[in-house]
Every structure is written in C-alpha cells, then in structure tokens.
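Here's the letter readout for the chains.
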Amino acid sequence: MLQTLDDLDLEGVAVGVRIDINSPLANGNDGLADDARLRAHVETLSELAERGARVAVLAHQGRPGDDDFSTLAAHADRLDELLDAPVGYCDATFSAAAREAVAGLDPGDLVVLENTRFYAEEYMEFEAADAANTHLVEGLAPVLDVYVNDAFAAAHRSQPSLVGFPERLPGYAGRVMERELDVLGAIEETPTPRVYLLGGAKVGDSVGVARSVLERGLADTVLTAGVVGNVCLLAGGAELGPATSEFVYDHGYWDEIDRAGDLLDTYDEIEVPRDVAVERDGERHEVAVDEFPPAADSPAMDVGGRTVSAYAEVIESAGTVILNGPAGVFEEETFAHGTRDLYTAAAGAEYSIVGGGDTAAAIRQLGIEGFSHVSTGGGASLTLLAGDSLPAVEALRA
Ligand SMILES: Nc1ncnc2c1ncn2[C@@H]1O[C@H](COP(=O)(O)OP(=O)(O)O)[C@@H](O)[C@H]1O
Ligand SMILES: O=C(OP(=O)(O)O)[C@H](O)COP(=O)(O)O
C-alpha cells in the first residue's frame with residue numbers, strides 16, 4: 001500500500017520531492033519549449049508549500065550527450081512563475097552548498113536543486129539498497145525528513161534519486177504519482193480490442209513493452225512508427241537508404257535491430273510502416289518501403305499516407321488505443337502529417353491513453369484533443385500498462 005500526502009503532517013518538515021519536469025527545450029536550449037510537465041506538478045508542489053513544508057525539488061533534464069541535457073535554471077524560473085510560493089534554484093544537488101540551500105529553507109519555500117543527471121551515478125541503474133549508498137543519496141538525505149516521489153514519468157528508471165531515498169527516509173507518493181497509478185493500473189478493464197501505437201525514438205523501451213504486452217495478451221495489435229517503425233523495417237530487411245541507416249547507427253539504435261527482428265519473427269500482431277516520407281528538393285516526398293531508392297539522401301522522417309490509412313483502419317475498430325511517441329519528426333510541419341493524422345484517429349477511439357514528454361508536446365502543438373487520459377509518462381505508462389513493475393513505485397512500497 002502506498003502512503004500519500006494525506007498521511008503526512010508537513011508543517012516545518014524538510015521534504016525532498018522528486019518530480020519529472022524533463023521537457024522539450026527551445027532551439028539552442030534557451031528555455032523550455034513546453035511546460036506541461038511543470039504544470040502537472042503544480043498541485044503537489046503547491047500543497048507541500050501551503051502546508052508549511054520546506055521543499056527541496058529533485059529532477060532530471062535530458063540524457064548526457066543529448067542536445068536537451070541542460071541545467072534546471074529555466075525550470076526553476078518557470079516553477080517560480082507557476083507557483084504562489086517562492087521557488088529558488090541551487091546549481092548543486094548533494095554537495096555542502098546543496099545541503100546549505102535546503103537547511104536555509106523557511107516553511108512554505110521551495111528550492112530546485114541541479115539536474116540529478118549531472119552526476120554520473122544518477123544515469124546508472126541500482127537496486128534500491130545500493131542506490132541508498134550513492135553519493136547523491138548519502139549527501140542529501142541528512143538534511144531531509146521525508147521523501148516524496150511524484151515523478152511517475154521516470155518511475156521506470158531504477159536510478160538513485162528515484163529508488164534510493166526511501167531506504168533512508170519515510171517515502172510517500174505525490175499527487176501525480178497517485179493519479180497516474182490509479183488510472184493506468186487498471187488496463188485489463190479497458191475495452192478491447194486494444195491497439196498500441198509505438199512511435200518516437202526510445203526504441204529500447206518500445207521494443208521491450210511490445211514484447212510484454214503481446215506475451216501477456218494485453219495487446220491485439222501493435223502499430224509501429226517513428227524511429228521504432230524504421231528500426232522494425234530494417235529488422236525485416238527493408239532497404240531505407242544510407243541516410244536512415246546512418247541515423248539509426250549514429251543514435252545507438254543499431255543494436256535494437258536484432259531485438260526488433262526477434263519480436264517480428266515471434267508475433268504477427270506487429271505492423272510496420274508501408275511507406276515513409278523523406279525530404280527531396282526541400283519538399284516532403286512519400287516513398288513505398290518496397291520501392292525505396294537506396295540512394296535516398298534523406299532519412300525516413302515520417303510515415304506516409306498509405307501507412308496512415310492502414311493504421312487508421314485498425315485504430316477506428318479499436319476499443320482502446322495506447323499511444324506513445326510521435327509518428328515522425330513532428331517538430332517540422334513537413335513531417336508532422338503522420339503524427340497529426342494518427343493521433344487524431346486515436347483520440348476518436350472509445351478509450352485512449354497517450355503518454356510521454358514529446359508526445360504530450362505534440363498533441364498540444366498539433367491541437368489534438370479528446371484523449372481519455374494524457375499521462376505525464378511515456379515509457380513509464382507503457383511499462384505499467386504492460387503489467388511490468390515500476391522500480392520507483394516498488395521502492396515506495398518497500
Ligand atoms: N522518423 C523519425 N526520425 C527521427 N526522429 C523521429 C522520427 N519520428 C519521431 N522522431 C522523434 O522522436 C522524438 C520523441 O520520441 P520519444 O522521446 O520517444 O517520445 P516521448 O518523449 O513522448 O516518449 C521527437 O523529438 C521526434 O522528432
Ligand atoms: O521523458 C521521459 O520518458 P518518456 O520520454 O518515455 O516520457 C522521462 O523523463 C524519463 O527520461 P529518460 O527516458 O531519459 O530516462
């Protein structure tokens with residue numbers, strides 16, 4: 001049974017709260033391109049402040065080496081705008097400076113500590129007991145009284161800031177965590193047939209989830225798009241031209257080709273794109289996968305019209321659609337067609353769940369409404385819907 005904020009007396013209590021505000025950044029990383037995840041956590045952060053807690057905020061942004069790997073300064077500024085309580089920022093996470101910043105908090109104040117992933121161990125996975133002995137947890141726990149985990153969207157990561165603190169401090173679920181688990185924990189009760197639409201670029205997560213939901217009989221069809229669809233096409237022997245292969249290889253997805261191939265060999269319920277869109281002479285150009293010109297100098301950046309028609313037919317007869325990951329590079333209008341058309345079809349289903357940072361940003365950017373549940377998490381919601389456990393939730397239960 002999870003303990004929640006209802007079980008806590010907060011006046012003057014030093015609370016370490018882990019949230020997930022990992023967000024698309026504006027070009028050049030000079031600020032946030034989307035603040036949906038920050039808005040999602042306003043309820044929990046406001047409640048902690050209004051009830052007199054002294055709040056240290058832990059969060060991550062991006063991954064080492066990626067363009068969106070940045071400090072949390074802009075996130076702290078935006079939270080300060082969104083909350084009535086004063087929100088400070090500290091460019092440290094578990095050093096003496098961080099402990100000083102937390103110790104200096106008055107009841108009702110908040111301070112955002114620096115990106116947890118600026119420290120190598122945070123990007124590693126640990127058993128909870130080992131995570132409790134990492135520098136991050138050992139450095140910060142002494143100035144905290146309790147730990148609250150509201151980071152549902154990162155709950156599938158067994159990383160120190162997500163699983164280590166409950167080993168040392170009383171652990172509680174925040175309001176986002178509580179709500180997401182309540183809605184997503186009952187997938188078996190949703191109408192069938194269930195169709196999963198897996199796009200985006202987190203190929204490893206998506207291939208793993210596809211295997212789980214098919215193994216457990218939770219999915220009647222898995223539709224693939226985005227980079228996931230491209231990797232599945234390559235796994236099936238399709239020729240997508242040197243530019244796509246180079247993209248897949250350069251982004252470290254090459255190793256996923258074999259895993260995707262095993263999955264395709266095992267399950268007939270997986271669909272791959274029939275056609276893709278590339279850029280030619282600055283224009284969108286749709287090419288059937290079996291007619292792909294090997295010399296194509298543009299990677300496959302979206303799914304084409306034939307794929308949209310085929311997938312929309314499956315979606316229209318679905319009882320439940322679960323969607324994570326854009327169908328293409330939706331940030332560019334030229335390659336937003338697949339995402340717009342498939343997401344619009346999914347929103348019309350009897351029951352629809354959509355999740356993920358970029359996915360949620362895409363539905364806002366494209367103005368698509370009507371989903372039954374918009375989750376803050378992509379990989380995390382898929383993991384839960386697949387019936388797999390979330391390490392951060394298990395750490396709270398322990
Ligand atoms: N065909 C493609 N080629 C390159 N990038 C793609 C393609 N399709 C989708 N993407 C990218 O996938 C990213 C989002 O993927 P992901 O992080 O998995 O979504 P989420 O954050 O919702 O889980 C977007 O930035 C989008 O540009
Ligand atoms: O954005 C996230 O996951 P999502 O893209 O699956 O929604 C979470 O913040 C986890 O980030 P990570 O996938 O870099 O661990």
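Criteria and cut-off values
- Residues numbered from 1 in each chain as written.
- Chains lettered and ligands numbered in written order.
- Predicted model: local features only at pLDDT ≥ 70, side-chain atom pairs only at ≥ 80, totals over all residues.
- Heavy atoms only, no water.
- Helix = DSSP H or I, 4+ residues; strand = E, 2+ residues; numbered from the N terminus.
- Buried < 20%, exposed > 50% of the residue type's maximum accessible area, 1.4 Å probe, protein only.
- Areas by Shrake-Rupley, 256 points an atom, 1.4 Å probe, with all protein chains shown as cover.
- Lys, Arg positive; Asp, Glu negative; His and termini not counted.
- Charge placed at Lys NZ, Arg CZ, Asp CG, Glu CD.
- Pairing = 2+ DSSP bridges.
- Right-handed = clockwise from strand over helix to strand, strands pointing away.
- Axes fitted to C-alpha atoms, helices over the stretch in contact; angles between N-to-C directions.
- Contact = heavy atoms within 4.5 Å.
- UniProt positions renumbered as here; feature names shortened; annotations may be inferred.
- Polar contact = N/O pair within 3.5 Å; in protein donor to acceptor, adjacent residues only side chain to side chain.
- Near = heavy atom within 4 Å.
- Nonpolar A, V, L, I, M, F, W, Y, C, P; charged D, E, K, R; others polar.
- Domains from an automatic or database assignment.
- pLDDT = per-residue confidence, 0-100.

## Here's the deal with the overall build of the protein chain
- Looking only at helices and strands, one finds 17 helices and 15 strands in the protein chain.
- In terms of principal-axis extent, the alpha carbons of the protein chain reach across some 65 × 45 × 35 Å.
- In the protein chain, buried positions account for 59% of the 398 residues.
- Summed over its atoms, the accessible surface of the protein chain is roughly 15,600 Å², and 45% of this surface lies on carbon and sulfur atoms.
- Distance between charge centroids for the protein chain: 2 Å, based on 25 positive and 71 negative side chains.

## Quick look at the pairing of strand β14 (residues 351-355)
- Within β14, four of the five residues are buried, which leaves it mostly tucked inside the rest of the structure.
- Here strand β13 (residues 320-324) pairs with β14 via five bridges, running parallel. Each bridged residue has a counterpart across the sheet, and for I322 the counterpart in β14 is I353.
- Where the polypeptide runs from β13 across helix α14 (residues 337-347) and back to β14, its parallel neighbour, the crossover connection is right-handed.
- Of the pairings in the sheet, the one linking β14 to strand β15 (residues 373-375) comprises three bridges and is parallel in character. Following the sheet pairing, V354 is matched in β15 by V374.
- Handedness of the crossover joining β14 and β15 through helix α15 (residues 357-365) is recorded here as right-handed.

## A word on the sheet that holds strand β4 (residues 110-112)
- Here six strands make up an open sheet; going across it, the order is β3-β4-β2-β1-β5-β6 and the pairing parallel. Two strands lie at the open edges of the sheet, namely β3 (87-89) and β6 (171-173), each paired on one side alone. Strand-to-strand, the axes of this sheet are offset by a mean angle of 25°, without reference to chain direction.
- Across five bridges, the pairing between strand β1 (residues 14-18) and strand β2 (residues 54-58) is parallel. Looking at the pairing, A14 lines up with R54 of β2.
- Contacts from helix α3 (residues 73-82) reach β3 and β4, with the element oriented near 170° to β3.

## Let's talk about the UniProt feature "binding site: ATP" (unreviewed entry) in the protein chain
- Annotation from UniProt places "binding site: ATP" (unreviewed entry) at E331, G356, G357, D358 and T359.
- Discounting chain neighbours no more than four positions away, the residues touching G356 are R37, N324, S375, T376, G377 and G378.
- Among the secondary structure elements, T359 is positioned in helix α15.
- Accessibility expressed as a relative area gives 2% for T359, which makes it buried.
- Beyond its immediate stretch of four places on either side in the chain, T359 contacts L323, N324, G325, P326, Y343 and V354.
- Here the side chain of T359 touches G325 through a polar contact of 2.7 Å, landing on its backbone nitrogen.

## Looking at the site of ligand 2
- Around ligand 2, a shell composed of 13 residues is seen, among which D20, R117, R157, K202 and G379 lie nearest.
- Between ligand 2 and R63, the relevant distance is 2.7 Å, taken from an oxygen atom to a side-chain nitrogen or oxygen of the residue.
- At a separation of 2.7 Å, an oxygen atom of ligand 2 approaches a polar side-chain atom of R157.
- Summarising the interface, the protein chains cover 94% of the accessible area of ligand 2, which totals 380 Å² for the free molecule.
- Along the lines of polarity and charge, the residues of the shell around ligand 2 split into one nonpolar, six polar and six charged.
- Two domains share the shell around ligand 2, each providing at least three of its residues, namely domain 1 (5-179) and domain 2 (185-385).

## Digging into the confidence of the model for the protein chain
- Averaged over all residues, the pLDDT of the protein chain is 95; the fraction at 70 or higher stands at 99%.
- Across the assembled chains, the prediction reports ipTM 0.93 with pTM 0.86.

## Digging into α14
- Three or more residues of α14 are buried, namely G338, T339, L342, Y343, A345, A346 and A347.
- On its buried side, α14 packs onto β7 (194-198), β12 (302-303), α13 (305-316), β13, β14 and α15.

## Some details on the site of ligand 1
- Close to ligand 1 lie 18 residues; A201, N324, E331, D358 and T359 are nearest.
- Here an oxygen atom of ligand 1 and a side-chain polar atom of N324 are 3.1 Å apart.
- Here E331 contributes a side-chain N or O atom positioned 2.7 Å from an oxygen atom of ligand 1.
- Protein coverage of the free-state accessible area of ligand 1, which is 580 Å², stands at 88%.
- Among the residues forming the shell around ligand 1, the class breakdown is seven nonpolar, eight polar and three charged.

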